[in-house]
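As a plain string of letters, each chain reads:
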Amino acid sequence: MSVIPAKPVLVSDETATVQESGRPSREQALEAVRTLIAWAGDNPDRPGLIDTPKRVVDAYGEWFDGYEADAAKELSRTFEDVTGYDDMVILREIEVESHCEHHLAPFLGKAYVAYLPGEKVVGISKLARVVEIFARRLQNQETLTNDIIEAIESHLQPKGVAVMIDAAHQCMTTRGVHHRHVSTVTTRFTGAFKSDPALMDRFLKLAKA
């Protein structure tokens, strides 16, 4: 079976800047999916697959829209009046839907994020949004854990931050060793969470309560 070569693509002024920066056009992305389908051994022009490249490219636009988002902007609106509150703020079971940068396979799980406010607090939905922004990029779980904590540290200047992610990686469950029912747990602690074992332990207990 032969693969039809990509046709020349006319680039509009609107997309020229993106392509000059090295990002392929949508048509190039569609052709890349057609090539992968053909490489897998199927015919990208058969009825069941004819619209698959479009669906895949649209899915990639959703899965990786974190590249178009800015965590700093999400954390820029803060509040200083916390009426004397001086304990941790914790969000549990934030959905994590990301893709492994090694195989482009999904890894799915939960994130647990806490911070000890300094002079500023942020809306709790913004913390969940920060997790989502970094998750919707090609990642490994260790880097994702670091990205989340460093964004919170940088923009809120809290007394401490704690992050735990528990996720199952389909690059491990559907290929390679084929070990199902295995999850990966990553943690990182800064400030008071790192220096105070009791506070760290309380976070871990609350996260898994």
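Conventions used here
- Residues numbered from 1 in each chain as written.
- Predicted model: local features only at pLDDT ≥ 70, side-chain atom pairs only at ≥ 80, totals over all residues.
- Heavy atoms only, no water.
- Phe/Tyr/Trp six-rings, centres within 6.5 Å; stacked < 30°, edge-to-face > 60°.
- Helix = DSSP H or I, 4+ residues; strand = E, 2+ residues; numbered from the N terminus.
- Buried < 20%, exposed > 50% of the residue type's maximum accessible area, 1.4 Å probe, protein only.
- Axes fitted to C-alpha atoms, helices over the stretch in contact; angles between N-to-C directions.
- Parallel < 35°, antiparallel > 145°, perpendicular 65-115°, else oblique.
- Left-handed = near helix turned anticlockwise from the far one by under 90°.
- Contact = heavy atoms within 4.5 Å.
- Nonpolar A, V, L, I, M, F, W, Y, C, P; charged D, E, K, R; others polar.
- Pairing = 2+ DSSP bridges.
- Salt bridge = Lys/Arg side-chain N within 4 Å of Asp/Glu carboxyl O.

A. Main features of the packing of aromatic side chains. Tallied over the full model, the rule gives four aromatic pairs. Arranged with centres 5.8 Å apart and planes meeting at 50°, the rings of Tyr-60 and Trp-63 form a pair that is tilted. Linking Tyr-60 with Trp-63, this pair stays in helix α3 (residues 52-63), spanning three residues, or about one helical turn. By relative accessible area, Tyr-60 is classed as partly exposed at 35%.

B. Here's a closer look at the packing of helix α5 (residues 124-135) against helix α6 (residues 141-156). One can describe the packing of α5 onto α6 by two numbers: an axis separation of 10 Å at closest approach and a directional angle of 140°. By the angle between their directions, the pair α5 and α6 is classed as oblique. Between α5 and α6 lies a crossing of right-handed hand. Of the residues in α6, those in contact with Leu-127, Val-130, Val-131, Phe-134 and Ala-135 of α5 are Leu-144, Asp-147, Ile-148, Ala-151 and Ile-152. Of the residues belonging to the contact of α5 with α6, the class tally is nine nonpolar, no polar and one charged.

C. Region of the structure containing the sheet that holds strand β6 (residues 160-169). As summarised here, the arrangement of the five strands in space is β5-β2-β3-β6-β7, forming an open sheet in which the pairing is mixed. Of all the strands in the sheet, the pair left with one neighbour each is β5 (138-139) and β7 (184-191). Here strand β3 (residues 106-116) runs beside β6; their pairing, made up of ten bridges, is antiparallel. The residue bridging Gly-109 from the neighbouring strand is Ala-167, located in β6.

D. Focus on the environment of Thr-187. Locating Thr-187 in the fold gives a position in strand β7. On a C-alpha basis, the gap between Thr-187 and Thr-145 in space is 6.9 Å, while along the polypeptide they are 42 residues apart. In this view, Thr-187 contacts Thr-145, Val-163 and Met-164; residues no more than four positions away in its chain are not counted.

E. Representation of the pattern of salt bridges in the model. Per the counting criterion, the structure on display carries 16 salt bridges. The closest approach of N and O atoms between Asp-58 and Lys-54, which form a salt bridge, is 3.1 Å. Here the residue Asp-58 and the residue Lys-54 both occupy positions in helix α3, the gap between them amounting to four residues, near one helical turn. Residue class for Asp-58 comes out partly exposed when judged on its relative accessible area of 36%. Two residues, Arg-129 and Glu-132, come together in a salt bridge whose shortest N-O distance is 2.4 Å. Placement of both Arg-129 and Glu-132 in helix α5 is noted, with a separation of three residues, approximately one turn of the helix.

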